[in-house]
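# Chain and residue survey
One letter stands for each residue in the lines below.
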Amino acid sequence: MEYRILTAGDAAVSLEFGNAIDPKICTAARAARIKIEEAKIKGVTELIQTYCCVMVQYDPRIILYDELIELLHTLLADVDLGAASGEKVIMDIPVCYGGEYGPDMENVCAHTGLSQEEVIRLHSEPDYQIYMMGFLPGFVYLGGMNEALETPRLKSPREKLDAGAVGIAGKQTGMYPLESPGGWQIIGRTPLKLYDPDRETPILYESGEYLKFVPISEQRFKEISKLVEQNEYVYEKRKEG
C-alpha cells in the first residue's frame, strides 16, 4: 500500500495511508506504527494512530526532519503494508445490556425496529477492529457494526455517563472508559476498568486490535465488578488467524 508523509507543524509528521475508514488502511497504519515503535528512534516522542494515518511526534533538537524522513522510508520499505493482518489480537469485553445499564436500549429498538434480544445479538456478533482512540484515554472508535443497528446520537447529550458505558452513534459503536458527558445511545455497560493510570498498562488495548462484546447477566456484572475492585480480575487477550 502506498503512503505519503506530510508535515504537521514543526515537531511532527503524518504518515497518510488513505482518506477513508477502511480495514485495510487501518491494518497498514497499525503495521507502520508497530514497526516504528520497535525501531525506538531516538528523538521520536510519541506515535498516534488514527483512522488512516500515524502521526509521528519528534524532538527536532535530537533528530532533524530530513533524518527522520529518511529513517521512516527505510523502515517502511521492509513492511508489507498491503498484506493481510495475519493474527487478530482480540480482547473480550463483558457487557450487561439494557435496563439501568443501557438506558437508551428502548431508543435503539424503536429506531431500528429490532427487539432488545436482536439488538444484543447483532451488537455482540462481530469482532470490532479498533480504528482509533481519542476524546478520552481509552475511548475506542470501532469498525464493523451491523448496519441494522445504526441509530443517531442523542439530540441532547447527557451531562454524565458511567465509566464503562457502551453506546451507538450513527454507524459506530464504542465505550466510555471514564465518567464523562456524552451523546451516544447507551445500550449497556462493561464492569471492566478500561483505563487506570495506576495500572502498569493504563489502557487495555490499542489501535488495530479487536474487541468482542460478550453479553453477561446483572449478577455476573456485579461479580466481575467486585473482582476488578479487588484487583483480582485477569485481563486477557487471545489470538486468531
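This section reports on the structure supplied with the text. (Residues numbered from 1 in each chain as written. Predicted model: local features only at pLDDT ≥ 70, side-chain atom pairs only at ≥ 80, totals over all residues. Heavy atoms only, no water.)

The next subject is the packing of aromatic side chains. One pass over the full model with this rule turns up 13 aromatic pairs. Note on Y233 and Y235: the rings are 5.1 Å apart at their centroids and 70 degrees apart in plane angle, and the pair reads as edge-to-face. What makes Y235 partly exposed here is its relative accessible area of 25%. Site record: aromatic cluster; members linked through ring pairs are Y51, Y131, F135, F139, Y141, Y176 and W184. (Phe/Tyr/Trp six-rings, centres within 6.5 Å; stacked < 30°, edge-to-face > 60°. Buried < 20%, exposed > 50% of the residue type's maximum accessible area, 1.4 Å probe, protein only.)

All right, on to the packing of helix α1 (residues 23-39) against helix α2 (residues 65-77) then. Where α1 meets α2, the axes come as close as 10 Å, and the angle between the chain directions of the two elements is 115 degrees. Crossing of α1 over α2 shows right-handed handedness. From α1, A32, K35, I36 and A39 reach across to α2, where they touch L72, L75 and L76. Looking at side-chain class alone, the contact of α1 with α2 contains six nonpolar, no polar and one charged residues. (Axes fitted to C-alpha atoms, helices over the stretch in contact; angles between N-to-C directions. Helix = DSSP H or I, 4+ residues; strand = E, 2+ residues; numbered from the N terminus. Left-handed = near helix turned anticlockwise from the far one by under 90°. Contact = heavy atoms within 4.5 Å. Nonpolar A, V, L, I, M, F, W, Y, C, P; charged D, E, K, R; others polar.)

With respect to the helices, strands and loops of the structure, T173 is situated in strand β10 (residues 172-175). T173 sits in the buried class, given a relative accessible area of 0%. There is a polar contact of 2.8 Å between the side chain of T173 and the backbone oxygen of G167. In this view, T173 contacts H123, Y128, V140, Y141, L142, M145, V166, G167, I168, W184 and F213; residues no more than four positions away in its chain are not counted. (Polar contact = N/O pair within 3.5 Å; in protein donor to acceptor, adjacent residues only side chain to side chain.)

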